[in-house]
Amino acid sequence: MTYNLLLLPGDGIGPEVMIETRRVLGWFSQNRNLSFAIEEDLVGGISYETHGVPATDQMMAKAKAADAVLFGAVGGPQWDKLPFEKRAERGLLRLRKDLELFANLRPALCFDALKDASSLKPEIVSGLDLLIVRELTGGVYFGEPRGISTLGDGSRRAVDTQVYTTGEVQRIARVAFELARLRGKKVASVEKSNVMHTGILWREEVQKVHDTEFPDVALTHILADNCAMQLVRNPKSLDVIVTDNLFGDILSDEAAQLTGSIGMLPSASLGAKDPKTGRQPALYEPVHGSAPDIAGQGLANPIACLLSLAMCLRYSFQRVEDARLLEQAVEHVLAEGYRTGDIMQPGMTKAGTAEMTNAILKALDKAA
Ligand code: NAD
């Protein structure tokens with residue numbers, strides 16, 4: 001089977017980490033009986049410079065046809081003053097909107113070698129591996145009515161509306177349960193059903209999807225404030241967390257902080273699975289931006305992008321063993337002491353973008 005991949009390196013360090021990802025893709029196709037048909041296109045500032053828009057219709061058509069999109073990063077100060085619709089970041093927003101990517105996946109993985117870099121005690125984060133599944137296209141960031149109005153007495157009033165439908169809750173719950181089957185078969189659903197009607201609906205609908213379609217997965221319900229506490233108290237008690245747009249936004253940043261540098265954090269955004277073909281739109285990207293301050297110097301940490309590829313192998317291609325192989329290779333080089341500048345610690349070996357990938361490729365050779 002050949003997987004169709006669209007690579008969108010973008011701007012700044014995006015192309016630098018994507019070149020390394022291509023090398024690792026090459027390793028998997030040579031050594032692991034995986035075949036990729038790879039296309040590449042422009043997105044963000046570089047697309048604006050070339051075509052006058054941050055995302056062309058042709059690129060969007062390629063993204064829709066691909067089995068998965070690997071995205072680098074977009075943006076830079078030279079495009080900050082452009083009109084809103086032309087800004088580099090609009091390229092990513094159009095991809096999310098047109099591919100209807102409603103599920104955002106943010107893992108928090110703590111590699112043993114970096115456990116001392118966490119703000120929590122090493123024993124609390126060592127071996128941590130949890131996944132936050134955030135609803136991305138609904139809830140209070142989009143609900144109507146919204147806005148600020150002036151009242152008769154001259155004071156002002158602001159309104160945001162938290163709104164969810166059964167369909168929206170059920171589809172994100174399905175994503176979480178399916179992902180849980182590829183991991184520890186454990187889901188924690190997070191809401192505020194003690195004080196919010198959307199929380200009550202959320203809890204009931206997640207429970208329904210569980211009982212009818214995923215009885216083999218263990219489900220617990222946790223209030224959002226308690227979840228925030230558990231993340232810093234006993235994060236290893238959690239595996240897959242499914243939650244709404246607002247709580248997901250906050251909890252995923254909290255979880256990210258458990259693990260150290262932004263140069264280490266992968267993410268994925270998924271759309272609805274076609275019930276007939278099983279195809280699911282998917283975009284994988286490092287959490288970091290284009291890092292203009294270090295772009296063009298060969299200093300960027302490629303690990304966030306490589307771990308995004310590992311997510312792609314696991315979730316889009318169901319190649320769990322290959323995903324693990326790549327994650328273990330990363331773990332191995334960190335244990336050997338290789339560090340890019342963002343995760344540098346005293347006594348370790350400083351590596352640039354390419355040297356870090358060389359070490360990871362060597363570790364893959366050894367493991368295979
Ligand atoms: P950033 O993530 O680009 O950088 C923040 C800091 O982290 C910088 O000091 C940078 O050098 C460092 N850093 C980030 N990734 C790194 C890596 N892989 N290795 C080593 N160090 C790394 O965020 P920013 O500075 O706020 O934004 C820069 C540009 O990126 C802006 O134009 C912003 O709009 C854009 N941005 C894009 C995305 C995206 O494409 N998804 C996300 C965030 C920001």
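If you're wondering where the values come from, they're calculated on a predicted model, not measured in any experiment.

Caption draft 1: Geometry of the overall build of the chain. Across its full length, the chain carries 12 helices and 14 strands. Projected onto its principal axes, the C-alpha coordinates of the chain cover approximately 65 × 50 × 45 Å. When each of the 368 residues of the chain is scored for burial, the buried share is 51%. Long-range pairs, those at least 24 residues apart, make up 74% of the contacts in the chain between residues at least 6 apart in sequence. With an accessible surface of roughly 16400 Å², the chain has 52% of that area assigned to carbon and sulfur atoms.

Caption draft 2: Fine view of the nonpolar core. One finds Phe28, Leu105, Val133, Tyr284, Ile360 and Leu364 to be the most contacted residues of the largest nonpolar core, which totals 71 residues. With 10 residues, the single largest contributor to this core is helix H10 (residues 303-315). Of the residues that make up this core, three or more belong to each of domain 1 (1-102 + 271-368) and domain 2 (105-265). When neighbours within four sequence positions are excluded, Leu105 is seen to be in contact with Leu131, Ile132, Val133, Val175, Leu179, Ser267, Ala268, Leu270, Met311 and Tyr315.

Caption draft 3: Quick look at the domain arrangement of the chain. Structurally, the chain comprises domain 1 (1-102 + 271-368) and domain 2 (105-265). Facing 25 residues of domain 1, the contacting portion of domain 2 comprises 26 residues. The contact between domain 1 and domain 2 buries some 2100 Å² in all, and 69% of this surface belongs to carbon and sulfur atoms. Three residues stand out in domain 1 for area buried against domain 2, namely Phe102, Val287 and Tyr315, and they jointly supply 34% of the buried area on that side. Summed over the shared surface of domain 1 and domain 2, the result is one salt bridge. Ionic pairing is found between Glu178 and Lys273, a salt bridge with its closest N-O pair at 3.5 Å. Across the contact surface, domain 1 and domain 2 share six residue pairs in polar contact (both at pLDDT 80 or more). Contributions of two or more residues to the side of domain 1 that touches domain 2 are made by H10 and helix H11 (320-336). Here the residues of the side of domain 1 that touches domain 2 are counted per class, giving 14 nonpolar, four polar and seven charged.

Caption draft 4: Local environment of the sheet that holds strand S10 (residues 240-243). Taken together, the 10 strands give an open sheet; going across it, the order is S2-S1-S3-S12-S11-S4-S5-S10-S8-S9, and neighbouring strands pair in mixed fashion. Because the sheet does not close on itself, it has two edges, and the strands there are strand S2 (35-40) and strand S9 (218-223). Between one strand axis and the next, the sheet turns through 25 degrees on average, direction left out of account. When strand S4 (residues 103-109) meets strand S11 (residues 266-270), the two strands line up antiparallel, connected through three bridges. Looking at S11, one finds that Leu105 is bridged to Ala268. Against the sheet, helix H8 (residues 224-233) makes contact with strand S5 (129-135), strand S8 (186-191), S9 and S10, and its axis sits at roughly 105 degrees relative to S9, the strand it touches most. Seen against the sheet, helix H9 (residues 245-257) touches S4, S5, S8 and S10 and runs at an angle of roughly 155 degrees to S5.

Conventions and cut-offs
- Residues numbered from 1 in each chain as written.
- Predicted model: local features only at pLDDT ≥ 70, side-chain atom pairs only at ≥ 80, totals over all residues.
- Heavy atoms only, no water.
- Helix = DSSP H or I, 4+ residues; strand = E, 2+ residues; numbered from the N terminus.
- Buried < 20%, exposed > 50% of the residue type's maximum accessible area, 1.4 Å probe, protein only.
- Contact = heavy atoms within 4.5 Å.
- Areas by Shrake-Rupley, 256 points an atom, 1.4 Å probe, with all protein chains shown as cover.
- Core = buried A, V, L, I, M, F, W, Y, C linked by side-chain atoms within 4.5 Å.
- Domains from an automatic or database assignment.
- Buried area = accessible area lost by both parts, 1.4 Å probe.
- Salt bridge = Lys/Arg side-chain N within 4 Å of Asp/Glu carboxyl O.
- Polar contact = N/O pair within 3.5 Å; in protein donor to acceptor, adjacent residues only side chain to side chain.
- Nonpolar A, V, L, I, M, F, W, Y, C, P; charged D, E, K, R; others polar.
- Pairing = 2+ DSSP bridges.
- Axes fitted to C-alpha atoms, helices over the stretch in contact; angles between N-to-C directions.

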